[in-house]
Amino acid sequence: DVQLQASGGGLAQAGGSLRLSCTASGLNFDDYAIGWFRQAPGKERVGISCISATGGGGSTYLATSVKGRFTISSDKAKKTVYLQMSRLKPEDTAVYYCAAVAKLCWAVADPDSAMDYWGKGTLVTVSS
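This structure is a prediction, so every number in the text was calculated from the model and none was measured.

Caption draft 1: Representation of the pairing of strand β7 (residues 70-75) in the model. Here β7 runs beside strand β8 (residues 80-85); their pairing, made up of six bridges, is antiparallel. Residue F70 lies in a different strand from β8, and its bridge partner there is M85. Linkage of β7 to β8, two consecutive antiparallel strands, is achieved through a turn of four residues, within which K79 is found at a positive phi near 50°.

Caption draft 2: Region of the structure containing the environment of D112. With respect to the secondary-structure elements, D112 resides in the loop between α1 (106-109) and β10 (117-118). Separated by 16 residues in the primary sequence, D112 and Y96 have C-alpha atoms spaced 19 Å apart.

Caption draft 3: Local environment of the pattern of salt bridges. A complete count under the given rule lists three salt bridges for this structure. Between R38 and D92 there is a salt bridge whose closest N-O contact spans 2.8 Å. Of this pair, R38 sits in strand β4 (residues 33-39) while D92 is found in the loop between β8 and β9 (94-101), placing the two residues 54 residues apart along the sequence. Since its relative accessible area comes to 0%, D92 is described here as buried.

Caption draft 4: Region of the structure containing the state of the cysteines. All told, the structure shown has two disulfides when counted by the stated rule. With its sulfur 2.2 Å from that of its partner, C22 forms a disulfide with C98. With the S-S dihedral at roughly 75°, the linkage between C22 and C98 falls on the right-handed side. Of the two residues, C22 sits in strand β3 (residues 18-25) while C98 sits in strand β9, which places them 76 residues apart along the sequence.

Caption draft 5: A look at the layout of surface pockets. Roughly 190 Å³ of volume is contained in the largest pocket. Forming the walls of the largest pocket are 14 residues, and the residues nearest its centre are F37, R45, G47, V108 and P111. Sorting the residues of the lining of the largest pocket by element identifies β5 (46-52) and α1 as the ones contributing at least two each. With three residues, α1 is the largest single contributor of residues to the lining of the largest pocket.

Cut-offs used in this document
- Residues numbered from 1 in each chain as written.
- Predicted model: local features only at pLDDT ≥ 70, side-chain atom pairs only at ≥ 80, totals over all residues.
- Heavy atoms only, no water.
- Pairing = 2+ DSSP bridges.
- Helix = DSSP H or I, 4+ residues; strand = E, 2+ residues; numbered from the N terminus.
- Salt bridge = Lys/Arg side-chain N within 4 Å of Asp/Glu carboxyl O.
- Buried < 20%, exposed > 50% of the residue type's maximum accessible area, 1.4 Å probe, protein only.
- Disulfide = S-S within 2.5 Å.
- 1 Å grid on protein atoms, 1.4 Å probe; cavity = no way out; pocket = protein on both sides within 12 Å on 5 of 7 lines; lining within 4 Å.
- Points joined across faces, edges and corners; volume = space filled by probe spheres on them.

Just geometry here; none of it tells us what the structure is for.
Set out below in structure tokens:
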């Protein structure tokens, strides 16, 4: 079965950093884009980043809210996508999910596009 394992969440202070990982199994990594979503308390789940699973160019996305602070990257050999989160803000507090979709990264930014597979979330808490 397809599984997406998100990890790396935890507690950080404002201005600090965390690195999230999403490791995929049971799927052909080359066939999917991997996106990161987050859901803050009382808020809707929103896509914040995406990269093609192969790490290829021309298929990446970073939401305005995280651009300049977060960086997404992938390791094909490890079937892992990383989200390096720096200069964290309390507003970044949320449950972070990774998801796979057999589409380009624009699907992650499109609220009408459904993901094919979801991982369980990892909680990020940023204290002020």
